[in-house]
Amino acid sequence: QDPRLERISSAIRVIPDFPKPGILFQDITTLLLDPKAFKDTIDLFVERYRDQNINVVAGVEARGFIFGPPIALAIGAKFVPMRKPNKLPGEVISEEYSLEYGKDKIEMHVGAVLPGERALVIDDLIATGGTLDAAIKLLERVGVDVVECACLIELPELKGRDRLGNKPLFVLVKVTA
Ligand code: PRP
Ligand code: MG
C-alpha cells in the first residue's frame, strides 16, 4: 500500500454523533490544514487520471468543489460544478435523488459538457451512493462518458458502491464503524 495513504487517513478527523446521533462524521477540513496530506491526496488522483484523456472533472457541491479543481488543473481538464438547486444562473438540467429522509437535487449548466466528452466525477465521500449516482445520471443524460467516480472516503457498510451499478469507483480510504 502507498505510504501516503496512512498520512491521509490520519489527517481525517472523526467526530461522533454529528450531524445527528449515531453518525460518525468524517471531517476532511483537518486534512486541508495539513498541506502535505492535502497535496498527497491530489497527487494520488492526478497520478491515476493524468493519462486517461479526461476532459471533464465534475465536482459535487460542496465538498467535491474542494478536491475537483486542483485535479482538473493538473490533468488539463475543465471543472464542472454540480450544484445544489437554484444556485446556477443559466439554463440547467437537474437530477433528483433520494436521501434517508426526503429528496435532494443537483443541477448542472446546459452546455457545460458536450456529448462524447470523458468525465471523472469527484466527491469527498460515498455513503449511500445517492449523490454520485445522480451525478453520473446527469452527465450520461447529455451523452458524456463517465469514466470513473473518485472519492477520498468510502463507507463500505452502506453499500453505496452497489448503487453505482458497474460504474468504476476509486477510493483512497475505506472506513468501517
Ligand atoms: C455528503 C458528502 C457526499 C454525500 C454522500 O454531502 O459530501 O456528497 O453526502 O452521501 P451519499 O453517498 O449517501 O449520497 P452533503 O450533501 O451532506 O453536504 P456537503 O457536501 O454540501 O457538505
Ligand atoms: Mg457532499
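Predicted model only: the values in this text are computed from it and were never measured.

A. Representation of the overall build of the protein in the model. Helices and strands together make up the secondary structure of the protein, namely six helices and nine strands. Scaling as 2.2 N^0.38, a compact globule of 177 residues should have a C-alpha radius of gyration of about 16 Å, and the protein matches this with 16 Å. Across the 177 residues that make up the protein, the buried fraction comes to 45%. Counting only carbon and sulfur atoms, one obtains 53% of the accessible surface of the protein, whose full area is about 9,000 Å². Here the protein holds 23 positive side-chain charges and 26 negative ones, and the gap between their average locations is 1 Å.

B. Focus on the packing of aromatic side chains. In total, this model carries five aromatic pairs according to the counting rule given. Arranged with centres 5.1 Å apart and planes meeting at 90°, the rings of F18 and F25 form a pair that is edge-to-face. Between F38 and F67 the ring centres are 5.9 Å apart and the planes differ by 90°, which places this aromatic pair in the edge-to-face class. Of this pair, F38 sits in helix 3 (residues 35–49) while F67 is found in helix 4 (residues 64–75), placing the two residues 29 residues apart along the sequence. On the basis of relative accessibility, which here comes to 22%, the residue F38 falls in the partly exposed class. Among the aromatic residues, those joined into a cluster by ring pairs are F45, Y49 and F170.

C. The site of ligand 1, seen in detail. D123, D124, T128, G129 and T131 are the nearest of the 13 residues found near ligand 1. In this structure, an oxygen atom belonging to ligand 1 sits 2.8 Å away from a main-chain N or O atom of A127. In this structure, an oxygen atom belonging to ligand 1 sits 3.4 Å away from a main-chain N or O atom of G130. Burial of ligand 1 by the protein chains amounts to 74% of its free accessible area of 500 Å². Those elements that place two or more of their residues in the shell around ligand 1 are strand 7 (118–126) and helix 5 (130–141). Residues belonging to the shell around ligand 1 are distributed by class as follows: four nonpolar, four polar and five charged.

D. Geometry of unusual backbone geometry. In this model, F18 is joined to P19 through a cis peptide bond whose omega is -5°. Relative to the helices and strands, P19 resides in the loop between strand 1 (13–16) and strand 2 (24–27). Residue E61 is joined to A62 through a cis peptide bond whose omega torsion reads 0°. Inspection of the secondary structure assignment puts A62 in the loop between strand 3 (56–60) and helix 4. Within the chain, N53 stands out as a residue other than glycine whose phi angle is a positive 50°. For N53, the position within the fold is in the loop between helix 3 and strand 3. Classification of N53 as exposed rests on a relative accessible area of 61%. Even without being a glycine, K159 presents a positive backbone phi close to 60°. On the secondary structure map, K159 appears in the loop between strand 8 (145–154) and helix 6 (160–163).

What counts and what doesn't
Residues numbered from 1 in each chain as written. Chains lettered and ligands numbered in written order. Predicted model: local features only at pLDDT ≥ 70, side-chain atom pairs only at ≥ 80, totals over all residues. Heavy atoms only, no water. Helix = DSSP H or I, 4+ residues; strand = E, 2+ residues; numbered from the N terminus. Rg over C-alpha atoms; globule rule 2.2 N^0.38 Å. Buried < 20%, exposed > 50% of the residue type's maximum accessible area, 1.4 Å probe, protein only. Areas by Shrake-Rupley, 256 points an atom, 1.4 Å probe, with all protein chains shown as cover. Lys, Arg positive; Asp, Glu negative; His and termini not counted. Charge placed at Lys NZ, Arg CZ, Asp CG, Glu CD. Phe/Tyr/Trp six-rings, centres within 6.5 Å; stacked < 30°, edge-to-face > 60°. Near = heavy atom within 4 Å. Polar contact = N/O pair within 3.5 Å; in protein donor to acceptor, adjacent residues only side chain to side chain. Nonpolar A, V, L, I, M, F, W, Y, C, P; charged D, E, K, R; others polar.

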